[in-house]
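Each chain is listed here by its residues.
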2 protein chains.
Amino acid sequence: MNEFNYRKEGFKEYLTFSKKKDFLLESEKNFGPITLCFETYGKLNEDKSNCILITHALTGDSHPARHAPEDTEGWWEDFVGADKIFDTNKYFIICSNILGGCSGSTGPSSINPETGKAYGITFPIVTIKDMVNAQKKILDYFNINHLLAVVGGSMGGLQALQWAVSYPDFIDGVIDLASPLNLSTESIGINHIMRRAIITDPNWNKGDYYQAAVPFNGLSIARMIAMLTYQTKDLMNKKFGRKTRSNIIDFYQGFDAEFEIDSYLNYQGSKLVNRFDANTYLYITRAMDLFDLKREYGSYEAALRRIKSKFLLASISSDTLFHIGELRKSRDILSLSGVNLEYHEVQSNCGHDSFLLEPGKYEEFLKEFLDSIKSNWNNADYNAGSL
Amino acid sequence: MNEFNYRKEGFKEYLTFSKKKDFLLESEKNFGPITLCFETYGKLNEDKSNCILITHALTGDSHPARHAPEDTEGWWEDFVGADKIFDTNKYFIICSNILGGCSGSTGPSSINPETGKAYGITFPIVTIKDMVNAQKKILDYFNINHLLAVVGGSMGGLQALQWAVSYPDFIDGVIDLASPLNLSTESIGINHIMRRAIITDPNWNKGDYYQAAVPFNGLSIARMIAMLTYQTKDLMNKKFGRKTRSNIIDFYQGFDAEFEIDSYLNYQGSKLVNRFDANTYLYITRAMDLFDLKREYGSYEAALRRIKSKFLLASISSDTLFHIGELRKSRDILSLSGVNLEYHEVQSNCGHDSFLLEPGKYEEFLKEFLDSIKSNWNNADYNAGSL
């Protein structure tokens, strides 16, 4: 196993592989070395039958939850932990920052060992499949040859779907929250506009800004655009309405943020810039656009017919980014392709962000789903083929 | 009437007024001189009872329709003309570019006579009410003291609404297509992001770019954002789907437009930059945000109770910018305020742009509405109070 270098710093673990530049990307380029940053929760049981892989969304990272009370808050805190949906008393949970990311895994902001400089846009275009193949290396390292479940929301759902298709014998249950089979025209358009905002920021400097000012304006505008798609009109009306931060007379002074929604958006924009790399934003939104199982398998049906795991798809009634209509279409195609599908429509006013904010609406059916696949696993010959 | 200077060039007419800087803005600043560019269609009849004012939307101008076959296409070509809804055989139609605009009327790109330079951001903040008060001057100049109707869609609808409230005795019928009583939180947020895109473009240069390169990137990003709100997901899926302009292999090369939706958006962005001023975009979106009849009258009801004209409000079923829910709320408030209201819900798949694209869906009820107010006019004592 000298293919791997492993190290741990605090709760973060790092696995480095493909040191000989032999990680084959979907673009048929070879790439390496790759380091993935990941975190684990709970304990792997003796027969390694309790492992759940959590895949993260666009700006997520390897840290869905606290490891200890004093730890920083995770992005899925209410879903992951002792006695929570993804119960760390029962399950061994792995969550890795994706290939191309900027939170510990190799991405455009990483140093290219050949040049001693950040990759920037010399980083290769990566796809959802590449992310999944890289995650697989972590399981290889731990000699885990079966996953109880892969679960992800939004772009995490695309990864879960790719897992189900790429490694059909490897997984018992796949949970895709709020993610369709591919991005709609509108979503591709939104991603395009967000990238334009970044690329046209002079600080972007063709991706070479790591020694200078970052493209603050571009990335923060991209984030503002995204924030509006994660929520609903009604919720924003309720939260901010037409409230202003200044006297109406001040409105005649200029164009700065005076409505509360304006300053909220500004705040969210800046906040992301402080924790996220603009080039990674470009690469990952592009990976989402490109996600299309048809590309490799000729048709969706041909791709989805490969799936052997139970599949849970959940849509969100008020989702304006990945609309319920798209999710129903995905449900139909999954069903027609013979997938053992469980489909839920979560009634929510929170829009796309529901899967991050409303654990109560997911708890029952997710726990039941996990229990149902666990009992299958306990059925001795269920996994005979894959062991 | 030496307050006015009037000139005509081709089909465009120009009226200049407030030469002594005595046009009182809602901000309580005085401003002038103001030139409005307008166009007229049809003939004013003897008793001046057939005049319809058309108010334009965000990027509209004074040219809704051709004056002659060889003329350039107007923005409301299918609605305005001989035997069309706004029948130029019957009606005398006026359409003016708004105050703050960039298509012939005084706006930030106009030369400030005091400095000999373009106003840029020294142009005062203008409101929808200011636009309406300026339009009124055109009618004053023609000694037209009564309008058969004011009609506008989107931001034009806001102007129509302001007309109804500001000049209740002046108008018989008001037609507001697809515009709510005020902008939702989300719409304010979208306008804010679009302005950020412009303002953070270094070429914007604090609004002083008239001797240099214009803020192409900022304005085109703003336009791309707007374009997505004017259409529907379904329509974009149908038109562009996931179609690509290049071989999939090229996707691994970079971040440029390869999906058809991307290049469509790029094209729409550039196209607007070629005909529209970025500072005007800032001023007008701000005017939309600020539109709030409550400001002057204390409450919506107090404002709307002033309305004496018949009022037609039409919503568009698939409108994602000014959502049908907002329009229904506006309908309810108008009704509760005692407005003589006619409300229509246009069933459409075209989204907000329906009011520009689908004359057939508006023709019957608009013609009937116009006929009904015309017959009121013919009733001799109907206008006694205002003549």
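All values reported here derive from a predicted model rather than from experimental measurement.

As a further point, take the relation of the copies chain B and chain A. Superposing chain B onto chain A takes a rotation of 180° plus a shift of 0.0 Å along the axis, which leaves an RMSD of 0.0 Å. On the angle and the small slide along the axis, the relation comes out as a two-fold axis.

What follows concerns the interface of chain B and chain A. On the chain A side, the residues contacting the 60 residues of chain B number 60 residues. Here chain B meets chain A over a buried area of about 5,100 Å², counting both sides, of which 64% is carbon and sulfur. At the boundary of chain B and chain A, one finds six salt bridges. Lys233 of chain A serves as the salt-bridge partner of Glu186 of chain B, at 2.5 Å between the closest nitrogen and oxygen. Scanning the region where chain B abuts chain A turns up 23 residue pairs in polar contact (both at pLDDT 80 or more). Here the element with the most residues in the side of chain B that touches chain A is helix H3 (residues 185–199) of chain B; it accounts for eleven residues. Here the side of chain B that touches chain A is composed, by residue class, of 29 nonpolar, 16 polar and 15 charged.

Another aspect to go through is the state of the cysteines. Residues and elements named next belong to chain A. Evaluated as defined, the whole model comprises zero disulfides over all chains. Distance from the sulfur of Cys37, which forms no disulfide, to the nearest cysteine sulfur (Cys95) is 9.2 Å. Cys37 gets classed as buried once you look at its relative accessible area, which sits at 0%.

Residues and elements named next belong to chain A. Here the UniProt feature "active site" (unreviewed entry) sits at Ser154, Asp319 and His352. For the residues just named, distributed over 199 residues, the greatest C-alpha separation is only 10.8 Å, placing them together at one site. For Asp319, a relative accessible area of 1% puts it in the buried group. The contacts of Asp319, once residues within four sequence positions are left out, are Ala178, Ile324, Gly351 and His352. Of the polar contacts made by the side chain of Asp319, one reaches the backbone nitrogen of Leu321; its length is 2.9 Å. Checked against the element boundaries, His352 lands in the loop between strand E15 (341–346) and helix H11 (354–357). Taking relative accessible area as the criterion, His352 reaches 2% and is therefore assigned buried. The contacts of His352, once residues within four sequence positions are left out, are Ser154, Ala178, Thr229, Tyr230, Ile316, Asp319, Leu321 and Phe322. A polar contact of 2.7 Å, which involves the side chain of His352, links it to the side chain of Asp319.

As a further point, take the nonpolar core. Side chains of nonpolar character tend, in soluble globular proteins, to be buried together. Among the nonpolar cores identified, the biggest contains 182 residues, and Trp163, Tyr281 and Leu304 of chain A together with Trp163, Tyr281 and Leu304 of chain B are the most heavily contacted of them. Contacts of Trp163 of chain B, omitting those with residues within four sequence positions, involve Leu53, Val132, Gln135, Lys136, Leu139, Leu147, Val150, Pro168, Phe170 and Ile171 of chain B.

Residues and elements named next belong to chain B. Counting buried residues in strand E9 (residues 92–96) gives five out of five residues, a clear majority hidden from the surface. Across the two faces of E9 the burial is the same, with Phe92, Ile94 and Ser96 and Ile93 and Cys95 all buried. Sheet analysis places strand E5 (residues 34–41) next to E9, joined by four bridges and oriented antiparallel. Residue pairing across strands places Thr40 opposite Ile94, the latter belonging to E9. Sheet topology places strand E6 (residues 51–55) next to E9; four bridges connect them, and they run parallel. When the sheet's bridge partners are listed, Ile54 is paired in E9 with Cys95.

Moving on, we get to the sheet that holds strand E13 (residues 171–177) of chain A. All names here are of chain A. Taken in spatial order, the nine strands line up as E1-E2-E5-E9-E6-E12-E13-E14-E15 in an open sheet, and their pairing is mixed. At either margin of the open sheet sits one strand with a lone partner, and together these are strand E1 (5–9) and E15. Taken over all neighbouring pairs, the strand axes of this sheet differ in orientation by 20° on average, direction set aside. Where strand E2 (residues 12–17) lies against strand E5 (residues 34–41), five bridges are found, and the strand directions are antiparallel. Residue Phe17 lies in a different strand from E5, and its bridge partner there is Ile34.

Residues and elements named next belong to chain B. Taking strand neighbours across the sheet as the criterion, the nine strands line up as E1-E2-E5-E9-E6-E12-E13-E14-E15 in an open arrangement whose pairing is mixed. In the strand order of this sheet, the two ends are held by strand E1 (5–9) and strand E15 (341–346), each with one partner. Averaged over all pairs of adjacent strands, the angle between strand axes in this sheet comes to 20°, irrespective of strand direction. Pairing analysis gives five bridges linking E1 to strand E2 (residues 12–17), with the strands arranged antiparallel.

Before going further, it helps to spend a moment on the environment of Asp262 of chain B. Residues and elements named next belong to chain B. Looking at where Asp262 falls in the secondary structure, it is placed in helix H6 (residues 260–275). For Asp262, a relative accessible area of 0% gives the class buried. Considering only alpha carbons, one finds Asp262 and Met224, 38 residues apart in sequence, at a separation of 9.4 Å.

Here we come to empty space enclosed by the protein. Taken as a whole and assessed by the stated rule, the structure comprises four cavities of 30 Å³ or more. In this structure, the largest cavity occupies an estimated 90 Å³ of space. In this structure, the largest cavity is lined by 14 residues; those nearest its centre are Ala197 and Thr200 of chain A together with Ala197, Thr200 and Asp201 of chain B. Within the residue set of the lining of the largest cavity, elements represented by two or more residues are helix H4 (216–230) of chain A together with helix H4 (216–230) of chain B. Taken together, the residues of the lining of the largest cavity break down into six nonpolar, six polar and two charged. Approximately 80 Å³ is the volume found for the second largest cavity. If you trace the second largest cavity, you find it lined by Glu26, Thr127, Ile128, Lys129, Gln162, Leu290, Phe291, Asp292, Leu293, Arg295, Glu296 and Tyr297 of chain B. Of all elements in the fold, only helix H1 (128–141) and helix H8 (293–297) of chain B reach the threshold of two or more residues within the lining of the second largest cavity. When residues in the lining of the second largest cavity are grouped by element, the largest group, four residues, is from H8 of chain B.

Rules and cut-offs
- Residues numbered from 1 in each chain as written.
- Chains lettered and ligands numbered in written order.
- Predicted model: local features only at pLDDT ≥ 70, side-chain atom pairs only at ≥ 80, totals over all residues.
- Heavy atoms only, no water.
- Least-squares fit on C-alpha atoms with pLDDT ≥ 70 in both.
- Contact = heavy atoms within 4.5 Å.
- Buried area = accessible area lost by both parts, 1.4 Å probe.
- Salt bridge = Lys/Arg side-chain N within 4 Å of Asp/Glu carboxyl O.
- Polar contact = N/O pair within 3.5 Å; in protein donor to acceptor, adjacent residues only side chain to side chain.
- Helix = DSSP H or I, 4+ residues; strand = E, 2+ residues; numbered from the N terminus.
- Nonpolar A, V, L, I, M, F, W, Y, C, P; charged D, E, K, R; others polar.
- Disulfide = S-S within 2.5 Å.
- Buried < 20%, exposed > 50% of the residue type's maximum accessible area, 1.4 Å probe, protein only.
- UniProt positions renumbered as here; feature names shortened; annotations may be inferred.
- Core = buried A, V, L, I, M, F, W, Y, C linked by side-chain atoms within 4.5 Å.
- Pairing = 2+ DSSP bridges.
- Axes fitted to C-alpha atoms, helices over the stretch in contact; angles between N-to-C directions.
- 1 Å grid on protein atoms, 1.4 Å probe; cavity = no way out; pocket = protein on both sides within 12 Å on 5 of 7 lines; lining within 4 Å.
- Points joined across faces, edges and corners; volume = space filled by probe spheres on them.

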